[in-house]
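# Summary of structural features
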Amino acid sequence: MSDAQRTTGLSRRGLLGGLALGAGGLAVGAATGYAVASPPAEPPATSTPSVGATVIDCHGPHQAGLDTPMASNATFVALDLKPGVDREALIRMLRLISDDVVRLTRGQPALADPQPELATVPARLTVTIGFGMGLLRAAGLASEAPQWLRLGLPTFRIDRLESRWSGGDVLLQVAAEDPVTVSHTVRVLLTDSRPFASPRWSQSGFHRPVATAPPGMTGRNLMGQVDGTVNPQLGTEDFDRVVWEPDDSEPAWLRAGTSAVVRRIAMDLTTWGGLDEKTKEESMGRRLADGAPLTGGTEFTGPDYDATDSYGLPIIGDTAHMRLAHAQAPLERILRRPYNYDEGPEDAGLIFAAYMADPTTQYIPIQRRLAKLDVMNLWTTPIGSALFAIAPGFAEGEYVGQTLLG
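A quick note: this is a predicted structure, and the numbers were derived from the prediction, not measured.

This brings us to helix α12 (residues 364–373). Looking at α12, one finds that the buried residues are Ile364, Ile366, Gln367, Arg369, Leu370 and Ala371. On its buried side, α12 packs onto β5 (258–267), α10 (321–325) and α11 (359–362).

All right, on to helix α9 (residues 277–284) then. Listed as buried for α9 are Lys280, Glu281, Ser283 and Met284. Each buried residue of α9 sits inside an arc of 160 degrees when the element is viewed along its axis, so together they form one side. Looking at the buried side of α9, the elements it contacts are α8 (269–273) and α10. One or two positions beyond α9, positive phi appears at Gly285, with a value near 95 degrees.

Looking now at empty space enclosed by the protein. According to the stated counting rule, one finds 4 cavities of 30 Å³ or more in the structure shown. Put simply, the largest cavity is a space of about 110 Å³. Among the elements of the structure, β1 (73–81) and β3 (170–176) are those that each provide at least two residues to the lining of the largest cavity. Taken together, the residues that form the lining of the largest cavity break down as 9 nonpolar, 4 polar and 2 charged.

Judged by how many residues are buried, β1 sits mostly within the fold: 8 of 9 residues are covered. Both β1 and β3 contribute to a ladder of 7 bridges, which runs antiparallel. Paired with Leu79 across the strands is Val170, a residue of β3. Bridge count between β1 and strand β4 (residues 197–206): 9 bridges; the pairing is antiparallel. When the bridges of β4 are listed, Ala74 appears paired with Gly205.

The next subject is the pattern of salt bridges. Evaluation of the coordinates by the stated rule reveals 16 salt bridges. Via salt bridges that share partners, Asp238, Arg241 and Arg333 belong to a single interconnected network.

Another point: the nonpolar core. Counting residues in hydrophobic clusters, the biggest one holds 67 residues, and the most contacted among them are Ile129, Phe131, Tyr363 and Leu405. Here this core gets 10 residues from one element, more than from any other, and that element is helix α3 (residues 87–105). When residues no more than four places from it in sequence are discounted, the contact partners of Leu405 are Arg87, Leu90, Ile91, Leu94, Ala139, Leu141 and Tyr399. Within the second largest apolar cluster, 26 residues are counted, among which are Ala78, Trp201, Tyr355 and Phe388.

Each pair of packed helices can be summarised by the angle the axes make with each other and by the distance between the axes. Helix α6 (residues 179–193) packs onto α3 with a crossing angle of 155 degrees between their chain directions and a minimal axis gap of 9 Å. Considering their axes alone, α3 and α6 lie roughly antiparallel with respect to each other. Here α3 and α6 pass one another in a crossing that is right-handed. Of the residues in α6, those touching α3 at Met93, Leu96, Ile97, Asp100, Val101 and Leu104 are His184, Thr185, Val188, Leu189, Asp192 and Ser193. Looking at side-chain class alone, the contact of α3 with α6 contains 7 nonpolar, 3 polar and 2 charged residues.

Conventions and cut-offs
- The residue numbering used here restarts from 1 in each chain and proceeds along that chain's sequence as written.
- Only residues with pLDDT of at least 70 are given local features in this predicted model, and only at 80 or more are side-chain atom pairs given and counted; all residues enter the totals for whole chains, interfaces and linings.
- To get the side-chain values, take all heavy atoms of the structure and skip hydrogens and water.
- The classification of residues rests on relative accessible area computed with a 1.4 Å probe and restricted to protein chains. Under 20% of the type maximum is buried, over 50% is exposed, and intermediate values are partly exposed.
- In this text, helices come from DSSP runs of H or I with a minimum length of four residues, and strands from runs of E with a minimum of two, each type numbered from the N-terminal end.
- Contact criterion: two residues are considered in contact whenever any of their non-hydrogen atoms come within 4.5 Å of each other.
- This arc is built from the directions going out from the helix axis to the C-beta atoms.
- Here a cavity denotes a set of grid points, spaced 1 Å apart and computed over the protein atoms alone, in which a 1.4 Å probe fits but from which it cannot get out, and a pocket denotes an open set meeting protein on both sides within 12 Å along at least five of seven lines; residues with an atom within 4 Å of a point are reported as lining.
- Grid points are joined across faces, edges and corners, and a volume is the space filled by probe spheres set on the points.
- For this classification, the nonpolar set comprises Ala, Val, Leu, Ile, Met, Phe, Trp, Tyr, Cys and Pro, the charged set comprises Asp, Glu, Lys and Arg, and every other residue, Gly included, is treated as polar.
- Pairing between two strands requires that DSSP report at least two bridges joining them.
- Only one rule defines a salt bridge in this text: a Lys or Arg side-chain nitrogen within 4 Å of an Asp or Glu carboxyl oxygen.
- Buried Ala, Val, Leu, Ile, Met, Phe, Trp, Tyr and Cys residues that are joined via side-chain atoms within 4.5 Å together make up what is termed a nonpolar core.
- To define axes, lines are fitted to C-alpha atoms, for helices over the stretch in contact only, and angles between the resulting N-to-C directions are given on a 0 to 180 degree scale.
- Reported orientations rely on four angle classes, namely roughly parallel under 35 degrees, roughly antiparallel over 145, roughly perpendicular from 65 to 115, and oblique for the rest.
- Here is the rule for handedness: rotate from the far helix to the near one, and if that takes an anticlockwise turn smaller than a right angle the crossing is left-handed, while a clockwise turn gives right-handed.

Keep in mind these values describe shape, not function.
Shown next as structure tokens:
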């Protein structure tokens, strides 16, 4: 990066002052009785794994991060806008963020990047930005909110929601194959947003990288279950129907965008771990070994909900998670991107992230059934919930949210 670029970057963020570094020498050797090993004449040759150099273009009709394979590491950050932030201030914030997203996803340092050396491994980095109802109100555009965002998510009967994991005016979703890349990107974007917003919550999750996962099998959650089998396939018309707002939808600014539901689900892994295999499988409706339905086949075999055992009882029970989550109307389908979290022996679970064109018709009916009857509720508790509108994509020279604010 040139000096001119650094100066421009520092100026635009209003950074003041400098940092004086002093260096002192430390003599070691004969006086201490320790020998100092000389460094090798040439450092050993290293090579960046191919995945580390892989770039996902952040430009396009949709924001990156949803119509691409699920990354193995992700951090979700919700921001609360500061008092007095208006439409013009939001445009400045989103221009800053968008500019740095372009650079970082290309493996280039952001302007005024405090650790530019951490930006050189993009590792399929994507950043997806969502707007809560508070952002539209701050911009004076509450009337432009889709109905589902105005209504928000209901509190379901099993919810034990905590404010520290719920709500927010802006969502920053950062995902990549390298957790260092994710961490660095989050810190840069928080620096961009600091004059305009404060962090409300941050949740980091993981699942097995492609390189270590069994080929052809969906990732597993911390209960040992395959999680996310019934998803629309990337690159299909079916995916587009489930996820993206159609070209004739209202409001017009959200066309080619979507919605994001982010829920934090605590798991009682201690009690769950003490159950026998049969109980675990009947609770879900799938075999633990390979994720296949209890009615047979492979993970991707369609379940037979009419099949009964020798006593005439349903093989997949009426309270099994799989049966209740199954679509009971054509629109009841979503894209699931579940991430595990583990923050201590008694604090582990799932970051449930789901995307769909309309939560009112696609997500809420499913969750109401699960809240009422799902036997898995004995070992899982939703403690966080948030809803965001994911703005459509942006082109070179534009910024995320320009269809709303511009």
